[in-house]
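Coordinate inspection notes
Here are the chains, one letter per residue:
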Amino acid sequence: MVDQYSLSEREAEGQMLMNRRSFLAGAGGLTVTALLAGCQRGAAPSLRLAMLANSVPAQLLNAFQQLPQGSNVAVTPEDSLVKLYGLLQQWHRQTESEEAVPTTEADWVSLADYWLAPAIRQELVQPLEVSALTHWNDLATVWPELVRRTAAVLPSPDGSIWAVPYRWSHLVLLYDRDRLPRNSAPLTTWADLLRPELRRRVALPNHPRLVLGLAQKSLGSSANAEDPAATEGLEPFLADLHDQVRVYDSDRYLEMLLIGDATAVVAWSDDALPLLKRYRQLAVAVPPEGTLLSAQLWVRPQAIAAASEQAASTARRWLDFCLDADFATQLAIFGQGTSTRLWGVERSQLPEPLQTPPTIALPPPVAKQSEFLLPLSAAAEDRYSQIWQRLRS
């Protein structure tokens, strides 16, 4: 996966920033580029997708094309959510221009849940009708709750469905055991980042909601609190944590860990998993007090014209395909990713690639303590920004 969060929700409505590298790779030598080339030699596509490269492995795209209905898929792969959000903005501007000719290149776009609110507010996406999806009701309630929003972009049971979530990840502690003092206890909680041996050896995300959020979770508070200062001990905790930080970075933090410039980093689980399988000195923990979550969603651009019945049928098959149990297994095998079908599942019931190392899985009790970052009021955003500015000054 790549960038999940912008510097603030309001900045997301302008130019999106912060790229995270993707460490997902398809197995067997089949790539999205190869699939794209195959599509271009064939018939006109019946489904056009714009997505992060390999967020759906090429093997799964190929499997969908080989279904009896024979859908032909065209993929616009991008290396960042910044570029995908930019496409939504570009297509929307074209619809507002009398001179521009609309050139929407995708029927469905992959977006991170944190950016759903600004996308709705900017009228970049349209609400969805999901009643015809066979597997929608198979999802845990956390997923419709996440994407059901009011016109004010707040989660609400009375809102419309704006997206279909298909994969998710969680923040973990990733660290190099060989760079800790001999006989050191494993890192297990967010507070372990305050250990003396980690002074100036920690890399944290360059994002206020993520850093404040993990501090709030450590102190038993919600990462979506309207007034973060109401969390007892938050600013002293953040000050102590700041003393441990070598860098706030959302681009090169994994590289810094591997070359020894950092001993511990806060990483997304789907970025960490491939590295844990490759580098034996690395270890991982999901703090039991809860963590922060992010989901990848399928959204439909507002700029796209109403679909024909055939196109709508193809879209339903694609969305159901992404919510199917077989998709969940294959996503784990070929992309080391976690499907929305696997929320709240015990580690022993996960596909084998997601079971090891055991400490990377999100246990159901910890999942209940974990949170997606939800939209805040403007006043609350200012409170978080002020604390962040004081921390970094």
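Summary of the structure given here. From a predicted model like this one, the values you see are computed outputs, not experimental measurements. (Residues numbered from 1 in each chain as written. Predicted model: local features only at pLDDT ≥ 70, side-chain atom pairs only at ≥ 80, totals over all residues. Heavy atoms only, no water.)

Details of helix α14 (residues 378-392)
As a reminder, the rule being used: Under the scheme used here, helices are H or I runs from DSSP no shorter than 4 residues and strands are E runs no shorter than 2 residues, and both carry numbers assigned from the N terminus. The length a helix should cover is 1.5 Å for every residue beyond the first. Relative accessibility under 20% of the residue-type maximum defines a buried residue, over 50% an exposed one, and the middle range a partly exposed one, all with a 1.4 Å probe and only protein chains included. Each C-beta atom gives one direction from the helix axis, and the arc is the one those directions make.
Taking 1.5 Å of rise per residue, 15 residues should cover 21 Å, and α14 covers 21 Å from first to last C-alpha, within 8% of that figure. Buried within α14 we find Ala-380, Glu-381, Tyr-384, Ile-387, Trp-388 and Leu-391. For α14, the buried positions fall inside an angular range of 130° around the axis, keeping them on one side.

Some thoughts on the environment of Gln-281
Just so we agree on the cut-off: Residues are treated as being in contact if the distance between any of their heavy atoms lies within 4.5 Å.
Mapped onto the elements of the fold, Gln-281 is located in the loop between α10 (269-278) and β10 (282-285). Counting along the chain gives 106 residues from Gln-281 to Tyr-175, while the straight-line C-alpha distance between them is 8.4 Å. Residues contacting Gln-281, with those up to four places away along its chain left out, are Tyr-175, Asp-176, Arg-177 and Asp-178.

Focus: the pairing of strand β3 (residues 108-112)
Selection criterion: Here, any two strands with at least 2 DSSP bridges between them count as paired.
Of all the five residues making up β3, five are buried; the element is thus mostly covered by neighbouring parts of the structure. The two faces of β3 match: Trp-108, Ser-110 and Ala-112 on one face and Val-109 and Leu-111 on the other face are all buried. As paired elements, strand β1 (residues 47-52) and β3 share two bridges and run parallel to each other. Pairing of Leu-49 across the sheet is with Trp-108, part of β3. The pairing of β3 with strand β11 (residues 292-299) spans four bridges and is antiparallel. Following the sheet pairing, Ser-110 is matched in β11 by Trp-298.

Some remarks on the packing of aromatic side chains
To be explicit about the condition: Here a Phe, Tyr or Trp ring, Trp counted by its six-membered ring, pairs with any other such ring whose centre lies within 6.5 Å, and the pair is stacked when the planes are under 30 degrees apart, edge-to-face when over 60, and tilted otherwise.
Evaluation of the coordinates by the stated rule reveals 12 aromatic pairs. Taking the centre distance of 5.6 Å and the plane angle of 65° together, the rings of Trp-143 and Phe-372 count as edge-to-face. A residue pair is termed long-range when its members are at least 10 positions apart, and Trp-143 in helix α6 (residues 142-147) and Phe-372 in strand β13 (residues 371-372) qualify at 229 residues. Both residues of the pair, Trp-143 and Phe-372, belong to the buried class. Joined through ring pairs, the aromatic side chains of Phe-64, Tyr-166, Trp-298, Trp-318, Phe-321 and Phe-327 make up one cluster.

Overview of the nonpolar core
Condition: Here, nonpolar core means buried Ala, Val, Leu, Ile, Met, Phe, Trp, Tyr and Cys residues that are tied together by side-chain atoms lying within 4.5 Å of each other.
Ranked by size, the top nonpolar core spans 125 residues in total, and within it Leu-174, Leu-204, Trp-298 and Trp-318 carry the most contacts. Examining the composition of this core, we find that eight residues originate from one element, strand β6 (residues 164-176), more than from any other. Apart from residues lying up to four places away in sequence, Leu-174 is in contact with Leu-254, Leu-257, Thr-263, Ala-264, Val-265, Ala-267, Ala-272, Leu-276, Leu-282, Ala-283 and Val-284.

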